[in-house]
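Given next are the chains, with one letter for each unit.
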Amino acid sequence: MDIFEFAYPERLIYLAVVPALFLVYWAVVAMRRRRLKRFGDKATLAELMPERSVARGWIKISLLAVAAIFLTLAAARPRTGSKLRTVETEGREIMLVVDVSNSMLAEDIEPSRMERTRYAISRLVESMKEDRVGVVAFAGEAEVLLPITSDYKMAESKVRSLSPSIIRNQGTDIGAALELATLSFTASSKSNRVIILITDGEAHDEGAIAAAEMAAAEGITICAIGIGTPEGETLKIGGRYIEDEEGNMVVTKLNEELLQQVAAATEGIYTRSRNEDFGLQGIVQKLDEIEAEEFTERIFDEYEEQYQWFLGVAILLLAIEAVVLSRRNPMLRGVKLFEGERLLLTNLVIYKT
């Protein structure tokens, strides 16, 4: 059975342009209508401008909108995989557990904690060859953004989407994140599993230690990266300092001791991120020490590109849109294709009566 997928699904976000086209055009039509009302009523204007056609304008914008849909689908590279094969690989299962609380927008690490995190773990994913990777985002609650997979393009796409808007409930629940990550590894893998925890949160969560001990019992190693300082830093987002409800400046502190305990519970390592070094180098060295495991997976390959069909439809629609005039053609105004038929029918009726 063939599988259908998009090589670049993140490009589908450009479909949001389509409703915007209709909204802008509606606003333009409404503004023109208000201006024309100043010159007379509707019947008078229709006589003065017989070539004017509102329907043709909506037809043209509809053609443009549908063409934009097909262009976007073509840009996302639709393809089908027609061959299934079994692949033997050796690697590790790595779950990226990333803090996406609002404080990750702080700019004490340039350009911001969130931007730097996305960049660093994107580079980490790019360096992977046979490892499997998954993504968990957390703040006050945790969510699996990507189950364990060997699809690195999908992983990079999920990493680029990391932001505080993903999780509605804000906070820093490290325990819930670690517990969810532990349960998200594949059942077939019993060893060589690693959680890379990246957080800036000020957390006094005893649940984090319990979750780390549960992970250790499952043979999982936790490597933690802390962002911030134990002394605390004033939270600055978008060039301005953030204040609490009482008007005091918000200070974000790194609970370094907690992260050290979490990593130690699984014989992992802890590093602190700084402007000059995000802290991944030590993590990579730790990963190299962990023995790879044999994986057997069935994958589709020999993909067949399908974008050309979507592109062809888009070009056809654009060509039709170019042919359709926004006004009636005055040269064709006198052409009455069905006048002869009407005259013949009239004469026939008269003859019969």
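Because the structure is predicted, anything quoted here is derived from the model rather than measured.

Caption draft 1: Quick look at the nonpolar core. Grouped together as the largest cluster of nonpolar side chains are 34 residues, with contacts concentrated most on Leu96, Leu162 and Ile196. Going through the elements one at a time, strand 3 (93–99), helix 4 (113–127), strand 4 (132–138), strand 5 (142–149), helix 5 (152–160), strand 6 (193–199), strand 7 (220–227) and helix 9 (280–289) are the ones with two or more residues in this core. For leucine 96, the contacting residues outside a window of four places in its chain are Ile121, Leu124, Val125, Val133, Gly134, Val135, Val136 and Ile196.

Caption draft 2: Helix 8 (residues 256–265), seen in detail. Every buried residue of helix 8 is listed here: Glu256, Leu258, Leu259, Val262 and Ala263. Along the axis of helix 8, the buried residues cluster in a sector spanning 160°; they form a single face. Among the exposed residues of helix 8, those pointing more than 90 degrees away from its buried face are Glu257 and Ala264. Looking at the buried positions of helix 8, the neighbouring elements they touch are helix 6 (174–183), strand 6, helix 7 (206–217), strand 7 and strand 12 (270–273). A positive backbone phi angle near 60° is found at glutamate 267, which sits one or two residues after helix 8.

Caption draft 3: Focus on the packing of helix 4 against helix 5. Where helix 4 meets helix 5, the closest approach of the two axes is 9 Å, and the angle between their N-to-C directions is 175°. By the angle between their directions, the pair helix 4 and helix 5 is classed as roughly antiparallel. Counted together, Arg118, Ile121, Ser122, Val125 and Glu126 of helix 4 and Tyr152, Ala155, Glu156, Val159 and Arg160 of helix 5 form the full contact between these two elements. Grouping the constituent residues of the contact of helix 4 with helix 5 by class yields 5 nonpolar, 1 polar and 4 charged.

Caption draft 4: Inspection of unusual backbone geometry at higher detail. Following glutamate 110, the chain continues into proline 111 via a peptide bond in cis, with omega recorded as -5°. Along the chain, proline 111 falls in the loop between strand 3 and helix 4. The backbone phi angle of arginine 77 is positive, close to 60°, even though this residue is not glycine. Within the secondary structure, arginine 77 sits in the loop between helix 3 (54–75) and strand 2 (78–91).

Caption draft 5: Summary view of a negative patch on the surface. A surface patch of negative charge is lined by Glu243, Asp244, Glu245 and Glu246. Looking at the element boundaries, glutamate 243 is found in the loop between strand 10 (240–241) and strand 11 (251–252).

Caption draft 6: Up close: the pairing of strand 3. The buried fraction of strand 3 amounts to 7 of the 7 residues, a majority that puts the element mostly inside the structure. Of the two faces of strand 3, both are covered, the one formed by Glu93, Met95, Val97 and Asp99 as well as the one formed by Ile94, Leu96 and Val98. Summarising the sheet, strand 3 and strand 4 pair through 7 bridges and their orientation is parallel. Bridge pairing links isoleucine 94 to valine 133 in strand 4. Between the parallel elements strand 3 and strand 4, the chain passes through helix 4 in a crossover that is right-handed. Inspection of the sheet shows strand 3 paired to strand 6 by 6 bridges, in the parallel sense. Bridge pairing in strand 6 places glutamate 93 opposite arginine 193.

Parameters and conventions
- Residues numbered from 1 in each chain as written.
- Predicted model: local features only at pLDDT ≥ 70, side-chain atom pairs only at ≥ 80, totals over all residues.
- Heavy atoms only, no water.
- Core = buried A, V, L, I, M, F, W, Y, C linked by side-chain atoms within 4.5 Å.
- Buried < 20%, exposed > 50% of the residue type's maximum accessible area, 1.4 Å probe, protein only.
- Helix = DSSP H or I, 4+ residues; strand = E, 2+ residues; numbered from the N terminus.
- Contact = heavy atoms within 4.5 Å.
- Arc of directions from axis to C-beta.
- Axes fitted to C-alpha atoms, helices over the stretch in contact; angles between N-to-C directions.
- Parallel < 35°, antiparallel > 145°, perpendicular 65-115°, else oblique.
- Nonpolar A, V, L, I, M, F, W, Y, C, P; charged D, E, K, R; others polar.
- Patch = residues over 30% accessible without salt bridge, like charges linked within 9 Å, V, L, I, M, F, W, Y side chains within 5 Å.
- Areas by Shrake-Rupley, 256 points an atom, 1.4 Å probe, with all protein chains shown as cover.
- Salt bridge = Lys/Arg side-chain N within 4 Å of Asp/Glu carboxyl O.
- Lys, Arg positive; Asp, Glu negative; His and termini not counted.
- Charge placed at Lys NZ, Arg CZ, Asp CG, Glu CD.
- Pairing = 2+ DSSP bridges.
- Right-handed = clockwise from strand over helix to strand, strands pointing away.

Shape descriptors only; they carry no functional weight alone.
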